[in-house]
Amino acid sequence: MSSGLSAAQKQSLQLELQYYDVSASPYHRVKRILDIVIAGVATLILLIPMAILLLLVYIDDPGKVIFTQNRVGKDGKLFHIYKVRTMVAGTPQNLSAAEFRDADRYVSRMGAFLRKTSLDELPQLINVLKGDMSIIGPRPLIAEESRIHELRKRYGVYQTRPGITGLAQINGRNNISTTQKVWWEVKYLQNFSFKTDCKILFATVPKILRGADVTKDFSR
């Protein structure tokens, strides 16, 4: 999978966007079983390292160490997402990056490290076990991100559970436009399968290790 869209792809974004119905796909059931197994095993393995990480976050900036926020999930329903807090206590919630005038001052010292390594996403394993999320899928939006929300509804993106990582995340993450994100999400539906999920998962690891495409996006 490429690291972005070619010029030709960018020019044909709107033409290629179409609705792919995967609601009846038998892979949904298989995917859910795999999510439970992977998230369950990962949670047990990471339990002690996670406890240490949360302690370091608290020492760096006392306060709640788990950040919760409303996100849009499967079928457009809201759920509470869990993340390790990366911003200083008292930072306004439910705001996108564009709404912060001085974003840097909100990020804690530990938060900068957590964002670069994506370790702040680890508590979402609990979301996966609860059935709110999947390991692989489109990243969940905050409800206020209306433009991409409407595009996702139009092209059926909400047929699947949102994921910890997804096709848009390995192809530019927050360095691509809203339409480009939806293009990749529709591409995911078009290729909805175990093989696609494996490719995304294996492509995510080197991205995290390199800290690729990391931005100061407070809504993700």
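Structural data are supplied above this passage.
Residues numbered from 1 in each chain as written. Predicted model: local features only at pLDDT ≥ 70, side-chain atom pairs only at ≥ 80, totals over all residues. Heavy atoms only, no water.

S.K.: Quick question: what am I supposed to make of the overall build of the protein here?
M.R.: Along the protein, the regular secondary structure elements total eight helices and four strands. Ordered by position in the sequence, the α and β elements of the protein form the string α-α-α-β-β-α-α-β-α-β-α-α. Scored against the burial criterion, the 220 residues of the protein give a buried share of 48%. The contacts in the protein between residues at least 6 apart in sequence include a share of 76% that link residues at least 24 apart. (Helix = DSSP H or I, 4+ residues; strand = E, 2+ residues; numbered from the N terminus. Buried < 20%, exposed > 50% of the residue type's maximum accessible area, 1.4 Å probe, protein only. Contact = heavy atoms within 4.5 Å.)

S.K.: I would appreciate a short explanation of the packing of aromatic side chains in the present structure.
M.R.: Tallying each qualifying case throughout the model produces three aromatic pairs. Summarising the aromatic geometry, the rings of Trp183 and Trp184 are spaced 4.7 Å apart at their centres and angled 90° between planes, so their arrangement reads as edge-to-face. In this structure Trp183 comes out as buried when scored by relative accessible area, which is 4%. Residue Trp184 is classed as buried on the basis of its relative accessible area, which comes to 6%. Measuring from ring centre to ring centre gives 5.8 Å for Tyr188 and Phe192, while their planes differ by 85°; the resulting arrangement is edge-to-face. One exposure class covers both Tyr188 and Phe192, and it is buried. Joined through ring pairs, the aromatic side chains of Tyr27, Tyr188 and Phe192 make up one cluster. (Phe/Tyr/Trp six-rings, centres within 6.5 Å; stacked < 30°, edge-to-face > 60°.)

S.K.: Which parts of the structure should I look at to understand the pattern of salt bridges?
M.R.: When the charged atoms of two side chains with opposite charge come close together, those side chains can pair. One pass over the structure, following the stated rule, counts 10 salt bridges. Of the charged contacts, one joins Glu185 and Arg152 as a salt bridge, the two residues approaching to 2.5 Å between their closest N and O atoms. Taken as a pair, Glu185 in helix 7 (residues 178-190) and Arg152 in helix 6 (residues 146-154) lie far apart in primary sequence, 33 residues in all. The exposure classification of Glu185 matches that of Arg152, with both residues buried. Ionic contacts of the salt-bridge type, sharing partners, join the residues Lys83, Asp120, Glu121 and Arg139 into one network. (Salt bridge = Lys/Arg side-chain N within 4 Å of Asp/Glu carboxyl O.)

S.K.: What's the story with a nonpolar patch on the surface in this structure? I'm lost.
M.R.: A contiguous nonpolar surface patch, about 730 Å² in accessible area, is contributed by Leu47, Ile48, Ile52, Leu55, Leu56, Tyr58 and Ile59. Along the chain, the position of Leu56 falls in helix 3 (residues 27-60). On the basis of relative accessible area, Leu56 is assigned to the partly exposed category, the value being 41%. (Patch = residues over 30% accessible without salt bridge, like charges linked within 9 Å, V, L, I, M, F, W, Y side chains within 5 Å. Areas by Shrake-Rupley, 256 points an atom, 1.4 Å probe, with all protein chains shown as cover.)

S.K.: Just checking my understanding: could you explain the environment of Ala203 for this structure?
M.R.: Residue placement: Ala203 occurs in helix 8 (residues 194-210). Judged by its relative accessible area of 26%, Ala203 is partly exposed. Between the alpha carbons of Ala203 and Asn171 there is a distance of 9.6 Å; along the sequence they are 32 residues apart.

S.K.: Got a minute to help me understand the environment of His149 in this structure?
M.R.: Counting through the fold element by element, His149 comes out in helix 6. C-alpha separation for the pair His149 and Val182, spaced 33 residues apart in sequence, amounts to 9.5 Å. Sequence-distant contacts of His149, defined by excluding residues within four places in its chain, comprise Val72, Leu141 and Tyr158.

S.K.: How should the packing of helix 3 against helix 4 (residues 109-117) be read in this particular structure?
M.R.: In helix packing, the relevant descriptors are the interaxial angle and the interaxial distance, both defined with respect to the helix axes. Put simply, helix 3 and helix 4 touch, their axes get as near as 8 Å, and they point 145° apart. Counting all contacts with helix 3, which are made through Leu53, Leu56, Val57 and Asp60, the residues of helix 4 involved are Arg109, Met110 and Leu114. Broken down by class, the residue content of the contact of helix 3 with helix 4 amounts to five nonpolar, no polar and two charged. (Axes fitted to C-alpha atoms, helices over the stretch in contact; angles between N-to-C directions. Nonpolar A, V, L, I, M, F, W, Y, C, P; charged D, E, K, R; others polar.)

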